[in-house]
Every structure is written in C-alpha cells, then in structure tokens.
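Understanding the architecture of this molecule
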Amino acid sequence: DMGRSTSFQTTVSVRVVARTPDGAYQVKGMRSLDIDKNSQEISVEGVLRPQDVTVHNEANGNRLADAKITVKQKGKLGKTRGGIFGRIFGLLWP
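Residues numbered from 1 in each chain as written. Predicted model: local features only at pLDDT ≥ 70, side-chain atom pairs only at ≥ 80, totals over all residues. Heavy atoms only, no water.

Focus: the overall build of the protein
- Scanning the protein from terminus to terminus reveals one helix and four strands.
- Tracing the protein from N to C terminus, the helices and strands come up as β-β-β-β-α.
- For the protein, the residues scored as buried account for 16% of the 94 residues in total.
- Long-range contacts, defined as pairs at least 24 residues apart, comprise 32% of the intrachain contacts of the protein with a sequence gap of at least 6. (Helix = DSSP H or I, 4+ residues; strand = E, 2+ residues; numbered from the N terminus. Buried < 20%, exposed > 50% of the residue type's maximum accessible area, 1.4 Å probe, protein only. Contact = heavy atoms within 4.5 Å.)

Description of the sheet that holds strand 3 (residues 38-48)
- The strand order 1-2-3-4 describes an open sheet built from four strands, whose pairing is antiparallel. Of all strands in the sheet, those bounded by a partner on one side alone are strand 1 (15-19) and strand 4 (65-74). Averaged over all adjacent pairs, the angle separating strand axes in this sheet is 15°, with direction ignored.
- Both strand 3 and strand 4 contribute to a ladder of eight bridges, which runs antiparallel. When the sheet's bridge partners are listed, serine 39 is paired in strand 4 with lysine 74. (Pairing = 2+ DSSP bridges. Axes fitted to C-alpha atoms, helices over the stretch in contact; angles between N-to-C directions.)

Focus: a positive patch on the surface
- A surface patch of like charges, here positive, comprises Lys28, Lys68, Lys72 and Lys74.
- With three residues, strand 4 is the largest single contributor of residues to the positive patch.
- Within the secondary structure, lysine 74 sits in strand 4. (Patch = residues over 30% accessible without salt bridge, like charges linked within 9 Å, V, L, I, M, F, W, Y side chains within 5 Å. Areas by Shrake-Rupley, 256 points an atom, 1.4 Å probe, with all protein chains shown as cover. Salt bridge = Lys/Arg side-chain N within 4 Å of Asp/Glu carboxyl O. Lys, Arg positive; Asp, Glu negative; His and termini not counted. Charge placed at Lys NZ, Arg CZ, Asp CG, Glu CD.)

A few points about the environment of aspartate 22
- Inspection of the secondary structure puts aspartate 22 in the loop between strand 1 and strand 2 (25-35).
- The class for aspartate 22 is exposed, based on a relative accessible area of 67%.
- Between the C-alpha atoms of aspartate 22 and arginine 49, which are 27 residues apart in sequence, the distance is 9.1 Å.
- At 2.3 Å, the side chain of aspartate 22 and the side chain of threonine 20 are in polar contact.
- At a separation of 3.3 Å, a polar atom in the side chain of aspartate 22 contacts the main-chain amide nitrogen of alanine 24. (Polar contact = N/O pair within 3.5 Å; in protein donor to acceptor, adjacent residues only side chain to side chain.)

Keep in mind these numbers describe shape, not what the thing actually does.
Below you can see the structure in the form of structure tokens.
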C-alpha cells in the first residue's frame, strides 16, 4: 500500500449560525490555502459551549463538539519521478 500524508496547523474563522436551547453555539467556517501550487479548502463546523470561547473571541479546535472538518484539494499532487526505467517507460507510455 502506498499513501500520502500531510500535517499542518492553521486558524479558521467561524461564525455562529445558530444557538442551541442549552445556550451552545453552532459554528461554521471556511478557509482557502495555497500549498505547493495546490489549492486547499478547509471547512469546519460544530458546537461550542460559551465557556470555551476566550475573552479574545477564540476557541481551540479540541473544544469543538460534533466537529466536522473537511479538507478539499484542487490541483495536481506532486508526482514522483521514479527510476531511470520508469522515466523511459513513462516517455513511451504516458
């Protein structure tokens, strides 16, 4: 099996889209990034308790209940070059 993994940290601004009966905030936000010529869109939504929001109007992602975090990527991923035989074969058979 082959795979690819990426790790990064970012800040995503969210808006309160509703308030639950118990006073919690339903929040939703999106951020676009360009990383290595690839466009990425990060969407975040979930529920925050009022006490988890700081006086600076910030909250850590680990305090987000029912979190739904989506990363969409547009663009080509980095393509491996391969060995000499792979490159020759790639020229003959794209």
